[in-house]
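Summary of structural features
Read off the chains here:
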Amino acid sequence: MRTLAERRRAALWTHAAIGVVCTAAVLTYDTPVQGWFLSGRALLVVPLLLLGVAAEAAFWLVQRTDPGTTAGCTSVIFGGRANSEDRAHLLGSSSTWDNDGDDHSRDGDSASWCRVCELQRPVRAKHCYKCGFCVRRFDHHCPYVGVCIGEQNHRWFLLFVVLHAALCLIGLFALAPTLTTDLPNSSPSSSSSASSSTSFPSALRWAARKSLAIAGVILLAAGSLVFSILSLCHLYLICDGQTTWEFLSSDRIAYLKALKGDSPFDAGFVQNIRAVLWPEKAGRDWAALLPKQQQRQSQQHQRRSHQPAVAEEADLQARIETT
């Protein structure tokens, strides 16, 4: 299992390679963007450059900003590389780890003791088995960026997907028309056999000339689709006061089961956006927004789960010291 630094490095090189291919394709062929650069039209070139710089800065901020690691996290027992096999070996086969690596209780209570991080997780926090620590207001783990998206870097992730959706759409509409130029064709007066024999080599020559443009269009089309969908989905969930994890797992989270899809954290359009864009100033007590019944259940579960967890952690520490 790769470390966090290795995943971030791999994501950075993958993103850089895709960006180089798309940029080279747009600037190599006869596109409007190429014309803007060659003619020195600053009013069009400068905003495009600023858009590109802002998009890459957002990618860097998503990777480098702490997603919201829960205070007191001590998951360095495995050097940041904790995985299910390590935990099962130390805790035994009777361990209560979920299949997805999350150590929430089976009924998905609103707060529970994390046996890896050795802390009581706050409401809306979740343990990421890939990163090896708990994240406050966990949204999802993004494999493309290589990090978790949580309370502190969700705003940068939103900026990242919105700006890249705009860049991909601009590049796609600029580059796609170049595929319709110099199309291979045969003379209509020639026979069908002669036509087929001459069209195939010409098609190969056309594909060779347009190979970079074809690769760019495929990547830009995929990026336009994915980033546009992500932008719309995250804007909707943010305005509704939900995270991706809560939206997809509402039937497995105790404090959302009884509400039948209604988010108890919805404080209105403005406050929901403020909680994501300025989490430091929002100062939201998520547990206080839960219905009274869920708050009492959460407190009871914390008292029940803390006692056996302490004994199990002492046993875990003893096994670590002996190995």
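Before reading on, note that the structure itself is shown above.
I will try to describe carefully the structure that is included in this document. The structure displayed is predicted, hence computed values, not measured ones. (Residues numbered from 1 in each chain as written. Predicted model: local features only at pLDDT ≥ 70, side-chain atom pairs only at ≥ 80, totals over all residues. Heavy atoms only, no water.)

**Re the overall build of the chain**
- A count of helical and extended segments in the chain gives 12 helices and six strands.
- The buried share of the chain, taken over its 323 residues, is 42%.
- Within the chain, contacts between residues separated by at least 24 positions form 66% of all contacts whose residues are at least 6 apart in sequence.
- A total accessible area of about 16,800 Å² is found for the chain, and carbon and sulfur atoms account for 64% of it. (Helix = DSSP H or I, 4+ residues; strand = E, 2+ residues; numbered from the N terminus. Buried < 20%, exposed > 50% of the residue type's maximum accessible area, 1.4 Å probe, protein only. Contact = heavy atoms within 4.5 Å. Areas by Shrake-Rupley, 256 points an atom, 1.4 Å probe, with all protein chains shown as cover.)

**Section: unusual backbone geometry**
- Even without being glycine, arginine 124 reaches a positive phi, approximately 80°.
- Structurally, arginine 124 is set in the loop between β2 (119–120) and β3 (126–128).
- The phi angle at arginine 137 is positive, at roughly 40°, despite the residue not being glycine.

**What about the pattern of salt bridges?**
- Per the counting criterion, the structure on display carries two salt bridges.
- A salt bridge links arginine 124 to glutamate 246; its shortest N-O distance comes to 2.7 Å. Separated by 122 residues along the polypeptide, arginine 124 in the loop between β2 and β3 and glutamate 246 in helix α8 (residues 244–248) bring together distant segments of the chain. An identical accessibility class is assigned to arginine 124 and glutamate 246; each is buried. (Salt bridge = Lys/Arg side-chain N within 4 Å of Asp/Glu carboxyl O.)

**Considering the nonpolar core**
- In this structure, Val62, Val145, Phe157, Phe160, Leu175 and Leu220 are the most contacted members of the largest nonpolar core, which totals 30 residues.
- Among the elements of the structure, α1 (4–28), α3 (42–64), β6 (147–149), α5 (154–175) and α7 (211–239) are those that each provide at least two residues to this core.
- At nine residues, α5 tops the list of elements feeding residues into this core.
- Contacts of phenylalanine 160, omitting those with residues within four sequence positions, involve His15, Ala55, Ala58, Phe59, Val62, Tyr144, Val145 and Phe227. (Core = buried A, V, L, I, M, F, W, Y, C linked by side-chain atoms within 4.5 Å.)

**So, a nonpolar patch on the surface**
- Residues Leu27, Phe37 and Leu49 make up a contiguous nonpolar surface patch of about 250 Å² in total accessible area.
- Here phenylalanine 37 is to be found in helix α2 (residues 32–39). (Patch = residues over 30% accessible without salt bridge, like charges linked within 9 Å, V, L, I, M, F, W, Y side chains within 5 Å.)

**Quick notes on the packing of α1 against α7**
- Running from N to C, α1 and α7 cross one another at 125°; their axes reach a closest spacing of 9 Å. Accordingly, the angle class assigned to the pair α1 and α7 is oblique. Our pair here, α1 against α7, has a crossing hand that is left-handed. Contact residues: α1 offers Ile18, Val21, Cys22, Ala24, Ala25, Val26 and Thr28, while α7 offers Leu212, Ala213, Ala215, Gly216, Leu219 and Leu220. (Axes fitted to C-alpha atoms, helices over the stretch in contact; angles between N-to-C directions. Parallel < 35°, antiparallel > 145°, perpendicular 65-115°, else oblique. Left-handed = near helix turned anticlockwise from the far one by under 90°.)

**Digging into the environment of leucine 4**
- Mapped onto the elements, leucine 4 comes out in helix α1.
- With a relative accessible area of 24%, leucine 4 lands in the partly exposed category.
- Separated by 126 residues in the primary sequence, leucine 4 and lysine 130 have C-alpha atoms spaced 8.2 Å apart.
- Beyond its immediate sequence surroundings of up to four residues, leucine 4 is in contact with Cys131, Phe133, Gly146 and Val147.

**Comments concerning the environment of isoleucine 238**
- Along the chain, isoleucine 238 falls in helix α7.
- Taking the C-alpha atoms as reference, isoleucine 238 lies 9.2 Å from aspartate 266; in sequence the two are 28 residues apart.
- Those residues in contact with isoleucine 238 that lie beyond four places of it in its chain are His154, Leu158, Asn272, Ile273 and Val276.

**Description of α7**
- Over its 29 residues, α7 extends 42 Å from the first C-alpha to the last, a length consistent with the 42 Å expected when each residue adds 1.5 Å.
- Of all the residues in α7, the buried ones are Ala213, Gly216, Val217, Leu220, Gly223, Ser224, Phe227, Ser231, His234, Leu237 and Ile238.
- The secondary structure elements touched by the buried residues of α7 are α1, β5 (140–142), α5, α8 and α10 (269–277).
- One or two residues past the end of α7 sits glycine 241, with phi positive at roughly 75°. (Expected span 1.5 Å × (residues − 1).)

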